[in-house]
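Secondary and tertiary structure notes
Spelled out, the chains give:
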Amino acid sequence: MKKISVVLGFWFIFTHSAVCQTYKQEANRLYEVFVSYYYAGDFIKAEESLIKTLELPLDELNKCTTLSNLASIYSSIGRYDEALKYLNQTDDNFKRPEVFFSQPEKIKVTKDMVRSLKAFVYINKAICYQGLNSNYNAKEYYEQSIRLLLEIEKLRTVDIDELISAYSNFGTYYLNLGEFEKALKYFNKSIEIENKYDLPSSLETVNIARIYANLKQNDKADEYFREGINQLISIRGDNNYRLGQFNIYYGSFLEGIGKINEAYKSKRSALKIFSRTFGEKNTNTSRSYKYLGDFYLLQSQFDSAFFYYQKSLISIVDDFNETDIYKNPRIDSAFSETRLLDNLKSKSNAFEKYSESIVGEDKKLKNLKASLEAIDLAVRLIENIKNSLLLEDNNFFIIEDEKETYLSAIRIASKIYSLNNDGQLLDSIYGYAQLAKASMLRDQISEKEMLFSGEIPDSLKEKQRQLSSGVAFYNKLLNDEESKTQRDSLKISSWKDEVFRMNREKEIVDLQIESFYPGYEELKKRIKPITFEQISDRLGKDETLIDYVISNHREEGNRKLYIFVINRKGLIMREVKVDSVFDKHALTLKNISDPILSRDMEQRFLLYTSALNYMYKELISPVESLINGDRIKIIPDEEIGWLPFEAFLREMPDSTKKDFEGLDFLINDYVISYGYSASLIPEKNEYRKPRYKVYAYSPSYSYPDSLEGAMSEIKEISRMYEGESYFRREATKENFLNHLSKPAVFHLAMHSISDTVNSFYSYLLFSGGKDDSTKLFNYEISLSEIKSPMIVLSSCNTGAGTLYAGEGLMSIARSFMLAGASSVVRTSWEVNDESGSAIITRFYYYLSKGKHKDEALKLAKTEFIKNSPPSFSDPYYWAAYGVLGDTGKIKNNRIMIVSVITIFILSSFIYYLRRRKIF
């Protein structure tokens, strides 16, 4: 629930102006009219009074105040884009503060007045961004508004109201994210101020009720709901639009605890208030209709549910009045995209449930198609919303929140496919699957390619890079400081100000880039996954792609898992269900441990073999008959990204078996590589690829665990490939960055340090001192421009990282792919130095013999297992390494040079013999 703010005390400012008495009186009168209509919920008349005020000869401060109040009206009715237009007009003046102080003599404008107005604008900007799903922006503006208000020396009535609003809305922000502890913290701050100034706190009372409802503390929730509603009625009567908001939340709570009749009354009351206050075309009215639709759907009263869902669509679109439930509005015509999105998902769900209740294939098919049409519009709307968001961080919120929408589209389309076996529909199903995962990485890579295309000035690109790097740097400082027991509040405030400033500057740079590249926005809209036919064309004859999509939503304890198999023969889909056993085994394989550290080897052996066999049965066995050839490219999803497919076991070992020696691992039958998205598989290049040098780095560290194996592996690599090697003190971050733009292979044999809280701050550790100059952070890598065909990360955990729903692991390997590397050899856990060195050395050997990267790695691993002592058959020693991305060959410079020399010597010798014969 959002507490929309208005700027109070307008008359106080205006009476100090030099405008003639008539205008002052008229302005005050119009302002009083605005306030009375605003709090009564008559926003049309409130808007009229502000438009008339703008016709008066206002000074700059009062003009900005009036524009901001006009924005509040549009925020209140959910027209966030329109509200932002007015707020941005006001915000522009804050970049030119002199306009507020260069007024006629009698106007007494203080810095605190400007701070107060600025805070008001920022609160309402935050509300708008939150309504538009730009959560990162919302958080920044809430924090900035609170800091501004706390800087004011003496709070006036208007400032107190704004501070309450800021805390209250920031609490709602965290409540909506499910971070209840943080939400409660800000609600309590709001209540403290209200108690201090003896103000009613009905809003916070209801917000706290919502927290208790989410925590399933139903008695407390009911108590707080009733108290908050009674407080509001005593303050503003029972004809107030905010009472409608309270009734919606209370109705949903009552419905959740089984009090159906009371829930219905509460929701009907909300609709009555909103339709009377706002009219039919309004987000609040639309939401009320939608909640009533939900109510009837729960009772399986489908006719009533469809009636209210259709009314919810009509209410959110100005030019849509179609009562036919099989008709939908255009997705570009709503005045609130987020409300339209919610309504479409609910309508789709209703059609799907209705199809399950009816008999007859034709009727079932008709309603499933109606369900798919609605969810398809929802999917397209999500893509539009993502394209319009200002910062990448906002996309993480959207992707995590809406992944299940894509899964719904897959599920519904699959039901239709099972009825009509339409091949074209299968292509659509796979299209939804691709949208559901790694879409942000795919878009980021496409945008980076556009940025470095040469059409955009280098100065702008560098400015954007510097700002992005600066934001990440200060966020790292904030992350470190806020994790301390004793925090420096002055540093935190200063760094947050800097992040806020740089993000606003970056938005301006992004607009400038768009002006140089007019097709930039259209390009973003055209970035779509490629079709399975295109993917099939990119695969080799002996290659099969297996793409997994798994739901995070559970039905009766199960999660839906969709497996898509693509090869030269076409596309086939399989659908399976996994339960909590899948979660348990995935976690086991994520945390695969060093056998030396194990106290119970027999228990460890049973634990890992059970997990490896289970994963084979769930992930490979259902589709193994469809695999064409012996090369597999795995596109994982969610926890599947943790798994070492090469180590999967077809059968559980005999009960007498106690170790891994001689087990039939999947690596014996297949050559396996990995990818983030099928759309990122490179097109076949018929032209001859250049021969690459290898730049290798092996730092030395001040502590005793320096990587001795790394030194020997680099020396071996240098015998096979021409290039440059940097050991010990020469293996610095500076040297690496100086060479990074070269089209070369980069071999990094060093420590990598994982940030378990936020893997954007994981880093590679080079030689040097103890400060950040030796650390190459994950975010720095992603901002680089790389032209390398392969990065070999002979380090620990370089493929591990924070798991984001729909995007996968935010690892160091992913950042190198984003930066432009064609492929990355990464590790999934802490590798053993000795075994790792042996595998990587042989990997380069087979690579130098003309093998593909994935095949070279397989041969290196199987050779290691065959030639090592039996204990080294344990997957811990060999299964951590995997090839991500392009699996093409890396031509060998040194072999080419040796071959040329050999041919030259041989030719010279033959020539010499012939000469001897002649003479």
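An account of the accompanying structure is given in this report. (Residues numbered from 1 in each chain as written. Predicted model: local features only at pLDDT ≥ 70, side-chain atom pairs only at ≥ 80, totals over all residues. Heavy atoms only, no water.)

Looking only at helices and strands, the protein chain features 35 helices and 16 strands. Per-residue burial over the protein chain gives 57% buried out of 919 residues. Look at the contacts in the protein chain between residues 6 or more apart in sequence, and 71% of them connect residues 24 or more apart. With the model as given, the accessible surface of the protein chain reaches about 40400 Å², and the carbon-plus-sulfur share is 49%. (Helix = DSSP H or I, 4+ residues; strand = E, 2+ residues; numbered from the N terminus. Buried < 20%, exposed > 50% of the residue type's maximum accessible area, 1.4 Å probe, protein only. Contact = heavy atoms within 4.5 Å. Areas by Shrake-Rupley, 256 points an atom, 1.4 Å probe, with all protein chains shown as cover.)

Looking now at the side chain of glutamine 144. Looking at the element boundaries, glutamine 144 is found in helix H8 (residues 135-151). Here glutamine 144 is in contact with Tyr122, Lys496, Asp497 and Phe500, once residues within four sequence places are set aside.

This part covers helix H23 (residues 489-516). With 28 residues, H23 extends 41 Å between its outermost C-alpha atoms, agreeing within 8% with the 40 Å of an ideal straight helix rising 1.5 Å per residue. Where H23 begins, the side chain of aspartate 488 points an oxygen toward the backbone nitrogen of leucine 490, at a separation of 3.1 Å. (Expected span 1.5 Å × (residues − 1). Polar contact = N/O pair within 3.5 Å; in protein donor to acceptor, adjacent residues only side chain to side chain.)

Before going further, it helps to spend a moment on the sheet that holds strand S9 (residues 751-753). Hydrogen bonds along the backbone pair up the strands of a sheet, which may run parallel or antiparallel. Here three strands make up an open sheet; going across it, the order is S9-S10-S11 and the pairing antiparallel. Each end of this open sheet is capped by a strand with a single partner; those strands are S9 and strand S11 (775-777). Adjacent strand axes in the sheet meet at a mean angle of 25 degrees when their direction is disregarded. Sheet topology note: the strand S10 (residues 763-765)/S11 ladder contains three bridges and is antiparallel. If you follow leucine 764 over to S11, its bridge partner there is leucine 776. (Pairing = 2+ DSSP bridges. Axes fitted to C-alpha atoms, helices over the stretch in contact; angles between N-to-C directions.)

Here the focus is the pairing of strand S8 (residues 745-748). Covered by surrounding structure in S8 are Val745 and His747 together with Phe746 and Leu748, the residues of both alternating faces. Two strands pair when backbone bridges link them, and strand S6 (residues 694-698) and S8 are joined in this way by four bridges, in the parallel orientation. Across the sheet, the residue bridging to tyrosine 695 is phenylalanine 746, located in S8. Of the pairings in the sheet, the one linking S8 to strand S12 (residues 791-793) comprises three bridges and is parallel in character. Paired with leucine 748 across the strands is leucine 793, a residue of S12.

This paragraph deals with the environment of phenylalanine 320. Mapped onto the elements, phenylalanine 320 comes out in the loop between helix H16 (302-316) and helix H17 (337-357). With 14 residues separating them in the primary sequence, phenylalanine 320 and alanine 334 have C-alpha atoms 9.1 Å apart. Excluding residues within four positions of it along the chain, phenylalanine 320 makes contact with Lys281, Gln310, Leu313, Ile314, Lys327, Asn328 and Pro329.

With that settled, consider empty space enclosed by the protein. Scanning all chains against the criterion turns up three cavities of 30 Å³ or more. For the largest cavity, the calculated volume is near 250 Å³. Residues belonging to the lining of the largest cavity are distributed by class as follows: seven nonpolar, seven polar and five charged. (1 Å grid on protein atoms, 1.4 Å probe; cavity = no way out; pocket = protein on both sides within 12 Å on 5 of 7 lines; lining within 4 Å. Points joined across faces, edges and corners; volume = space filled by probe spheres on them. Nonpolar A, V, L, I, M, F, W, Y, C, P; charged D, E, K, R; others polar.)

Attention now goes to unusual backbone geometry. Of note in the backbone geometry, glutamate 556 takes a positive phi value of approximately 55 degrees without being a glycine. Relative to the helices and strands, glutamate 556 is located in the loop between strand S1 (543-550) and strand S2 (559-567). In this structure glutamate 556 comes out as exposed when scored by relative accessible area, which is 82%. The phi dihedral of arginine 728 falls on the positive side, at around 50 degrees, and the residue is not glycine. Within the element layout of this structure, arginine 728 appears in the loop between strand S7 (723-727) and helix H29 (733-739). Residue class for arginine 728 comes out partly exposed when judged on its relative accessible area of 46%.

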